[in-house]
Amino acid sequence: MSRTVFLIQNPGDVMPAEMALFMGEDPPYDPGRAAAESAALKEVLVSRGAECLSVRQLLTEAPREALVGLATAAIGTDEPDRWPGIRAAFDSWSGNDLADIVIRRPHLRTHADPQLAEISPDAAYESYEIRPLFGLMFPRDHYVDLGDAVALGRLRRQDRARETAVVRTVLEQLRGRPAELTTEEGRWLEGGDAAVAERLAVLGGGFRSSPEAMDPLRRRLVTGDRAVISVRDGRRRPEEFHLDHWLALGPGLALVAEDRLDDADVSAVVHRGPDESGTATTLREALHATGTDVVPLSAGQQLLFAANSFFLPDERTVLTSSAAHKELAPLLEPRGIEVVSVPFGHHHKLFGSVHCALNTVRVPEQENETP
């Protein structure tokens, strides 16, 4: 037996306010409002009986040895003789303080100055650089929930690749075992390129994720009851760098950007067995071959992040942003699906929406101990 846990991260806990100052948005990105958006999303989930945890919370509760290891790897200094003091601090610091170090990644810079040497001969000026793991606010990116297993990703952006070690530690702590699938070095896998439903999975490749990295997922996901469609997206639009920017799976249906359904640059192959592959077709033909109800989305609906919505495991409820609600409700409510919206405009400024902000993981139930 297992239970489903939802990971949702308050962006304010992983993205320092200093970063928001330099985004240049109009109106500006507001860290407080972004945090309120995540809180509203969590409130909706909790009201429906969901168990919600954050990456930051789980990190603070990680085994101390693992947490100290992550903190040690996060620190940089121009003066190696500072390390004994750093290690001594780790012996007494709380999990919460160590998590700050892991997330903010401080680097000590020292600057010699002749005038300072006249009054403090043994001193140098100091400044503190941070290289925060801001992408932890989107836990969807780092792994794929395969139901009975987890596939740990490998992020292509090097400034975000450092986040994987944190998520690996968090998942192992929560699940009590390592991820069943890992991505080989030289290949890339990001969670936004995998859409998994009860009877269909769609795996994307060609921009942020390597098609070869999807093969182990495909073999794991395809069953007698579930087909898998492999998609190669040749469009490579910078603002739509993941599959979930333009496709979402619901109960027997797919929300899909209409301009990709028949595009020759978007090829799709249907798999009905672990080593079985069909002929490459258009995405529309592949979806129809699996009996999927295709719900086209216009370019305007895509801009509102309509495809970046999250279908709850009951498959009869979809969570979306307030901006997309008016577009999705007329499409989905006649199909018996409840459309629940939350304000998410500040997450949109970072090119993410509700699906980016959530991920699920199945956690084994603890067996009752026999006295």
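Residues numbered from 1 in each chain as written. Predicted model: local features only at pLDDT ≥ 70, side-chain atom pairs only at ≥ 80, totals over all residues. Heavy atoms only, no water.

Asks: Account for the overall build of the protein chain, naming residues and giving values.
Replies: Secondary structure assignment for the protein chain yields 16 helices and 20 strands. A compact globule built from 371 residues would reach a C-alpha radius of gyration of about 21 Å, and the protein chain, at 22 Å, matches this within 12%. For the protein chain, the spread of C-alpha atoms along the principal axes amounts to about 80 × 60 × 40 Å. In the protein chain, which comprises 371 residues, the share counted as buried stands at 50%. A separation threshold of at least 6 residues defines the contact pool for the protein chain, and within that pool the share at least 24 residues apart is 71%. Surface exposure of the protein chain reaches about 17300 Å², of which carbon and sulfur atoms provide 50%. (Helix = DSSP H or I, 4+ residues; strand = E, 2+ residues; numbered from the N terminus. Rg over C-alpha atoms; globule rule 2.2 N^0.38 Å. Buried < 20%, exposed > 50% of the residue type's maximum accessible area, 1.4 Å probe, protein only. Contact = heavy atoms within 4.5 Å. Areas by Shrake-Rupley, 256 points an atom, 1.4 Å probe, with all protein chains shown as cover.)

Asks: So what's going on with the environment of Ala306? Which residues, and what values?
Replies: On the secondary structure map, Ala306 appears in the loop between α13 (299-303) and β17 (310-311). Expressed as a C-alpha distance, the spacing of Ala306 and Ser353, which sit 47 residues apart in the sequence, is 9.0 Å. Leaving out residues up to four positions away in the same chain, Ala306 has contacts with Leu255, Leu297, Gln301, Ala324 and Leu328.

Asks: Mind laying out the pattern of salt bridges, listing which residues take part and the relevant values?
Replies: A full pass over the atoms with the stated rule returns 28 salt bridges. Note that Arg109 and Glu129 form a salt bridge whose closest N and O atoms lie 3.4 Å from each other. In this pair, Arg109 is assigned in strand β4 (residues 106-111) and Glu129 in strand β5 (residues 125-130), connecting sequence segments 20 residues apart. Look at Arg109 and you get partly exposed, because its relative accessible area is 29%. One connected set of salt bridges, linked through shared partners, spans Asp233, Arg235, Arg237, Glu240, Asp259, Arg260 and Asp263. (Salt bridge = Lys/Arg side-chain N within 4 Å of Asp/Glu carboxyl O.)

Asks: Outline the pairing of strand β20 (residues 358-364), supporting the account with residue identities and numerical values.
Replies: A large share of β20 lies buried, amounting to 5 of its 7 residues. Pairing analysis gives 7 bridges linking strand β1 (residues 2-8) to β20, with the strands arranged antiparallel. Of the residues in β20, the one forming a bridge with Val5 is Val361. (Pairing = 2+ DSSP bridges.)

Asks: So what's going on with the sheet that holds strand β15 (residues 281-282)? Residues and values would help.
Replies: Spatial ordering of the open sheet is given by β9-β10-β11-β14-β15, a layout of 5 strands whose pairing is mixed. Each of the sheet's edge strands pairs with one partner strand only, and the pair in question is β9 (194-196) and β15. Pairing of β9 with strand β10 (residues 200-205), which is carried by 3 bridges, proceeds in the antiparallel orientation. Note on β10: the bridge partner recorded for Ala194 is Leu203. Against the sheet, helix α10 (residues 211-221) engages β9, β10, β11 (227-233) and β14 (266-271), with an angle of about 170 degrees to β10. (Axes fitted to C-alpha atoms, helices over the stretch in contact; angles between N-to-C directions.)

Asks: Talk me through unusual backbone geometry; I want residue IDs and the actual numbers.
Replies: Despite not being glycine, Arg105 has its phi angle at roughly 50 degrees, a positive value. Of note, Arg105 is situated in the loop between α6 (95-104) and β4.

Asks: If you had to explain the side chain of Ser210 to someone new, which residues and values would you point to?
Replies: You can see Ser210 is positioned in the loop between β10 and α10. Residue Ser210 is classed as buried on the basis of its relative accessible area, which comes to 9%. Not counting chain neighbours up to four residues away, the residues in contact with Ser210 comprise Arg187 and Trp188.

Asks: Give me the lowdown on empty space enclosed by the protein, citing residues and values where you can.
Replies: Taken as a whole and assessed by the stated rule, the structure comprises 1 cavity of 30 Å³ or more. Each pocket or cavity is described by its volume, and for the largest cavity that value is around 90 Å³. Lining the largest cavity are 13 residues; nearest its centre among them are Asp193, Phe207, Asp233, Phe241 and Leu243. Considered class by class, the residues forming the lining of the largest cavity number 4 nonpolar, 5 polar and 4 charged. (1 Å grid on protein atoms, 1.4 Å probe; cavity = no way out; pocket = protein on both sides within 12 Å on 5 of 7 lines; lining within 4 Å. Points joined across faces, edges and corners; volume = space filled by probe spheres on them. Nonpolar A, V, L, I, M, F, W, Y, C, P; charged D, E, K, R; others polar.)

Asks: Break down the layout of surface pockets for me, with residues and values.
Replies: In this model, the largest pocket occupies a volume close to 770 Å³. Lining the largest pocket we find 35 residues, and of these Asp145, Val196, Ala197, Thr360 and Arg362 sit closest to its centre. One number sums up the size of the second largest pocket: a volume of about 380 Å³.

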